[in-house]
Amino acid sequence: MKMIKAMIRPEKFEAVKTALDTAGFGAMTVFDVEGRGVQKGIKQQYRGAEYITDLIPKRQIEIVVSDESAEKVIEVVKTAAYTGKIGDGQIFVLPVEDSIRVRTGERGNSGI
């Protein structure tokens, strides 16, 4: 099993969620997070004064899927989150040792 962690633009979340749901991956955990990538923040202007926003708001999505489904989820997220501009986000893939569904006790892929 794999955990897919995707940091995306907040405004792209609905498109990513809909695309994942359409592809059959409706279960997810979502967090509002802040961070920065290689751009190290962005310059903005407010009432004529320029300032740097060091941490940028992002939406983090976590999905646990079977090994066979991981590439499909990655492609769906990449396609739906893409704008072509700096700050589109990042996707991380982590191994998951086990999954246990509390209600039924199912384990492994059945527990996802």
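Preceding this section is the structure that the text describes.
A. How the structure looks around the packing of aromatic side chains. The full count for this structure, using the stated rule, is zero aromatic pairs. Directly above the aromatic system of Phe13 lies the positively charged group of Arg59, at a separation of 4.8 Å from the ring centroid.

B. Seen up close, the pattern of salt bridges. Applying the stated rule across the entire model yields eight salt bridges. Among the ionic pairs, Arg59 bridges to Asp32, the shortest N-O distance being 2.6 Å. One end of the pair, Arg59, is in strand S5 (residues 56-65); the other, Asp32, is in strand S2 (residues 29-35), with 27 residues separating them in the sequence. We classify Asp32 as exposed; its relative accessible area is 64%. A single salt-bridge network, built from bridges that share partners, covers Arg9, Glu11 and Asp88.

C. Region of interest: the sheet that holds S2. The four strands lie next to each other as S2-S5-S1-S6, forming an open sheet whose pairing is antiparallel. Among the strands making up the open sheet, the edge pair consists of S2 and strand S6 (89-95). Across the sheet, the axes of successive neighbouring strands diverge by a mean angle of 20°, strand direction being ignored. Here seven bridges tie strand S1 (residues 2-8) to S5, and the two strands are oriented antiparallel to one another. Paired with Met3 across the bridge in S5 is Val64. Sheet contacts for helix H1 (residues 13-22): S1, S2 and S5; angle to S5, the most-contacted strand, approximately 10°. Packed on one face of the sheet, helix H2 (residues 70-81) meets S1, S5 and S6 and runs near 5° to S1.

D. A look at the environment of Arg9. The residue Arg9 is located in the loop between S1 and H1 in this model. C-alpha separation for the pair Arg9 and Gln60, spaced 51 residues apart in sequence, amounts to 8.9 Å.

E. Examining the layout of surface pockets more closely. Quantified by volume, the largest pocket comes out at close to 270 Å³. Forming the boundary of the largest pocket are 14 residues, of which Arg36, Gly37, Lys58, Gly89 and Gln90 lie nearest the centre. For the lining of the largest pocket, the elements supplying multiple residues, two or more each, are S2 and S6. Sort the elements by how many residues they give to the lining of the largest pocket and S2 lands first, with three residues. Residues that form the lining of the largest pocket fall into these classes: four nonpolar, six polar and four charged. A volume near 150 Å³ is recorded for the second largest pocket. Taken together, Met3, Ala27, Met28, Thr29, Glu62, Ile63, Val64, Ser99, Gly111 and Ile112 make up the full set of residues lining the second largest pocket. For the lining of the second largest pocket, the element with the highest residue contribution is S5, accounting for three residues. Looking at the lining of the second largest pocket, its residues break down into six nonpolar, three polar and one charged.

Rules used in this analysis
Residues numbered from 1 in each chain as written. Predicted model: local features only at pLDDT ≥ 70, side-chain atom pairs only at ≥ 80, totals over all residues. Heavy atoms only, no water. Phe/Tyr/Trp six-rings, centres within 6.5 Å; stacked < 30°, edge-to-face > 60°. Lys NZ or Arg CZ within 6 Å of the ring centre and 35° of its normal. Salt bridge = Lys/Arg side-chain N within 4 Å of Asp/Glu carboxyl O. Helix = DSSP H or I, 4+ residues; strand = E, 2+ residues; numbered from the N terminus. Buried < 20%, exposed > 50% of the residue type's maximum accessible area, 1.4 Å probe, protein only. Pairing = 2+ DSSP bridges. Axes fitted to C-alpha atoms, helices over the stretch in contact; angles between N-to-C directions. Contact = heavy atoms within 4.5 Å. 1 Å grid on protein atoms, 1.4 Å probe; cavity = no way out; pocket = protein on both sides within 12 Å on 5 of 7 lines; lining within 4 Å. Points joined across faces, edges and corners; volume = space filled by probe spheres on them. Nonpolar A, V, L, I, M, F, W, Y, C, P; charged D, E, K, R; others polar.

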